[in-house]
Amino acid sequence: MLLQRLVEFAATSDDVLPPFYGRKPVRLIIDIDRDGGYRGQTDTASDAAGARFGIERSVPAVTRTVGIAPTLAVDNVEYALGWVADGGKADRIGKQHDAFVELIRDWAEAEPDGPGPAVAAFYRSHQHYKVQQPDKWGRADMVGIRVADEYAFEHDSARRYWATVAAGRKGLGRAGRCLVCGEVRDLLKTIPQQIPQRLLPGATQGASLVSVNEAVHGYELTKFLGNTPICVTCGLTFMSSLTVLLSDTNHHASLPGQNARLTWWVIGGASFDPMGPLDQEDEKTALDMIVSPTRGVEATVDDLSKFCSVTVSGNVARVVVRDWVEMPLPAVKANLRRWVDDHKIAGCDGKPTLVKLVQLTRVAGRWQPGRGSGPGSWIKLGARGEDRPGGLYHALWRSAVFGAPLPPKILAHVIDRIRTDGRVDAARVALIRLAVLRRPGLPPYHAERLTPTLNDANRDPAYLSGRAFAVLDDLQQAVYRAANQQLNTTFAERYMGRAITNPQAVLVNGRRSATAWLRRLRGPLGKPAWAGAYANRLDDIFAQIDADTSIPSSAMLTQKAAFVLGYHHQRAAMRAERIEAAANKKNTDLPPADLPPGADGTPAADAPEGDAA
């Protein structure tokens with residue numbers, strides 16, 4: 001099915017290359033007239049990005065081994081011009097050049113109405129001896145021929161003739177029913193094209209999607225594709241399609257440090273892009289991009305379209321298919337709407353916000369604090385010591401687009417990172433909430449209380465413990481602000497790691513400290529109203545803990561997640577209360593927090609990404 005869907009994509013894309021063609025940089029362009037006369041040459045190599053070895057063009061291409069196998073009207077300097085570089089073998093290069101010229105003659109005879117006769121005349125009259133060697137040329141530099149300002153290798157006659165030549169080299173020598181298209185056609189012996197190494201994380205060279213190059217790999221110990229019948233057209237088409245998809249920024253997603261590359265496409269005419277909603281922070285914008293069918297605006301073409309996605313990596317010279325999914329497009333949209341609900345979280349202002357997919361991946365890594373009072377940043381994606389799960393980005397993608405659960409290790413990893421570096425922000429908590437909501441077997445009543453913002457009805461002792469921890473931390477900071485004293489280490493910074501695993505021990509100690517802090521506010525600092533505000537909040541939270549249960553002393557993974565969620569919710573709610581009071585929209589008994597946004601540990605979801613230390 002994967003191969004069939006790739007072939008179907010080619011029928012709707014203008015970017016898929018012709019059979020036996022590939023994209024390669026062509027450095028030297030030789031201009032000739034229609035009589036084969038030499039007109040000049042152009043060296044396209046430059047210091048511009050991507051032009052070090054010339055300008056990339058669509059050229060005839062097949063996988064070349066040790067044999068002599070020229071391509072049509074474009075090849076390296078050894079084949080096209082017979083130049084011998086340092087260390088080159090003159091005898092072999094002479095044979096390569098003769099084979100190139102012979103292929104040109106055969107093309108001219110088979111396609112007399114194209115540019116072939118002009119190119120044949122160019123070589124027959126030895127006009128190629130006039131071509132000058134450019135500075136710092138190499139044996140791999142490509143040379144192309146242009147006839148009267150038209151590239152010979154891009155002409156329709158060249159494409160037709162080259163397809164027959166290349167098929168003869170790579171064909172099985174017999175016809176059969178193709179497994180992909182179901183038609184009786186000439187079959188391939190091997191797949192003649194490869195996916196470039198740069199598109200496949202883990203590959204050490206160009207790789208093939210289908211390969212049987214050893215007897216032990218094939219059915220009945222048979223090499224090549226004899227028992228895997230694939231016709232020439234389909235074999236070339238699905239390789240070209242996958243290459244185009246993996247190269248197109250509108251159809252693939254990959255991040256540094258991740259161990260795979262995913263790509264997607266739609267069959268059926270729809271133009272829906274799933275990355276649009278996943279890159280939004282505003283819920284309304286994201287939902288508008290999904291187009292809810294309940295509003296009666298769902299496009300008919302979308303109902304009939306199929307969404308396809310494949311995740312690949314490389315292993316030496318083979319493509320490793322890690323994941324392949326095909327499903328109706330309306331089902332994808334329904335999953336994306338659920339994704340919006342499952343990962344939104346209270347932001348700096350206490351209102352629900354969405355987090356971009358890239359940021360959810362970024363916050364799973366290591367956080368490095370800023371120097372002095374400077375802002376911190378995330379270790380760059382792919383940098384040494386980033387400590388991010390290798391397949392996180394693609395696991396999040398699958399969860400968003402296909403509604404799949406997240407691997408349990410992700411939740412444990414994020415909580416361990418919080419315990420290690422003490423960083424709790426909206427994006428990390430969104431990832432925690434998502435991971436808990438998508439755990440297999442989660443009871444419905446438990447899912448209902450995992451709200452994006454503060455849930456006063458949530459009586460989970462771990463959640464209430466997190467809320468109490470946030471109030472204690474805020475109380476300590478208020479005391480030091482009132483006393484105009486510098487606070488080197490906050491309550492949360494000192495005890496966060498321990499509180500997540502053993503909330504009971506930390507909160508027992510925290511309540512003792514709170515008694516002293518409240519006494520200080522009422523007495524020497526002269527802030528009895530502040531003391532009353534904090535005391536009421538602490539009493540209210542601790543009173544909600546059921547008498548038959550206790551604050552966890554050895555928290556399980558879901559309890560650790562609930563603690564962090566409660567801590568973030570309470571902190572965001574208090575900040576929102578202060579913001580509304582400052583705007584005269586609400587009364588509050590909380591003392592003002594005279595801190596810039598983010599200084600109290602509630603930064604926006606998109607904290608900056610910095611360099612690795």
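First, a word on what this report is: a plain description of the structure on this page. Everything numeric in this text was worked out from a predicted model, so none of it was measured.

Below, the discussion takes up the pairing of strand β6 (residues 142-147). In terms of residue burial, β6 counts as a mostly covered element, since six of its six residues are buried. Side chains of β6 alternate between two faces, with Met142, Gly144 and Arg146 and Val143, Ile145 and Val147 buried alike. As defined by bridge partners, strand β2 (residues 28-32) adjoins β6 across five bridges and the pair is classed as parallel. Looking at the pairing, Ile32 lines up with Val147 of β6. Direction of pairing for strand β5 (residues 74-76) relative to β6: antiparallel, over a ladder of three bridges. In the sheet register, Asp75 faces β6, and the bridge partner there is Val143. Inspection of the sheet shows β6 paired to strand β7 (residues 150-151) by two bridges, in the antiparallel sense. Bridge pairing in β7 links Arg146 to Tyr151. Two successive antiparallel strands, β6 and β7, enclose a turn made up of two residues, where Ala148 displays a positive phi of approximately 50 degrees.

Here we come to a negative patch on the surface. A grouping of Asp98, Glu102, Asp106 and Glu109 is seen on the molecular surface, where their side chains present a negatively charged patch. Structurally, Glu109 can be placed in helix α3 (residues 90-110). Overall, the relative accessible area of 65% leaves Glu109 in the exposed class.

Relative orientation of the contacting elements helix α13 (residues 408-421) and helix α17 (residues 491-501) amounts to 145 degrees, with a least axis distance of 7 Å. Listed contacts from α17 to Ile415, Ile418 and Arg419 of α13 are Met496, Gly497, Ile500 and Thr501. In terms of residue class, the contact of α13 with α17 is made up of four nonpolar, two polar and one charged.

Now for the sheet that holds strand β10 (residues 203-208). Across the sheet, four strands lie side by side as β10-β13-β12-β11; this open sheet has mixed pairing. The open sheet has two free edges, formed respectively by β10 and β11 (252-253), since each of these has just one partner strand. The pairing of strand β12 (residues 261-267) with strand β13 (residues 306-328) spans seven bridges and is classified as antiparallel. Along β13, the bridge assignment pairs Leu262 with Thr311. With respect to the sheet, helix α12 (residues 392-402) is in contact with β11, β12 and β13, its orientation differing from that of β13 by roughly 15 degrees.

Calculation criteria
- Residues numbered from 1 in each chain as written.
- Predicted model: local features only at pLDDT ≥ 70, side-chain atom pairs only at ≥ 80, totals over all residues.
- Heavy atoms only, no water.
- Buried < 20%, exposed > 50% of the residue type's maximum accessible area, 1.4 Å probe, protein only.
- Helix = DSSP H or I, 4+ residues; strand = E, 2+ residues; numbered from the N terminus.
- Pairing = 2+ DSSP bridges.
- Patch = residues over 30% accessible without salt bridge, like charges linked within 9 Å, V, L, I, M, F, W, Y side chains within 5 Å.
- Areas by Shrake-Rupley, 256 points an atom, 1.4 Å probe, with all protein chains shown as cover.
- Salt bridge = Lys/Arg side-chain N within 4 Å of Asp/Glu carboxyl O.
- Lys, Arg positive; Asp, Glu negative; His and termini not counted.
- Charge placed at Lys NZ, Arg CZ, Asp CG, Glu CD.
- Axes fitted to C-alpha atoms, helices over the stretch in contact; angles between N-to-C directions.
- Contact = heavy atoms within 4.5 Å.
- Nonpolar A, V, L, I, M, F, W, Y, C, P; charged D, E, K, R; others polar.

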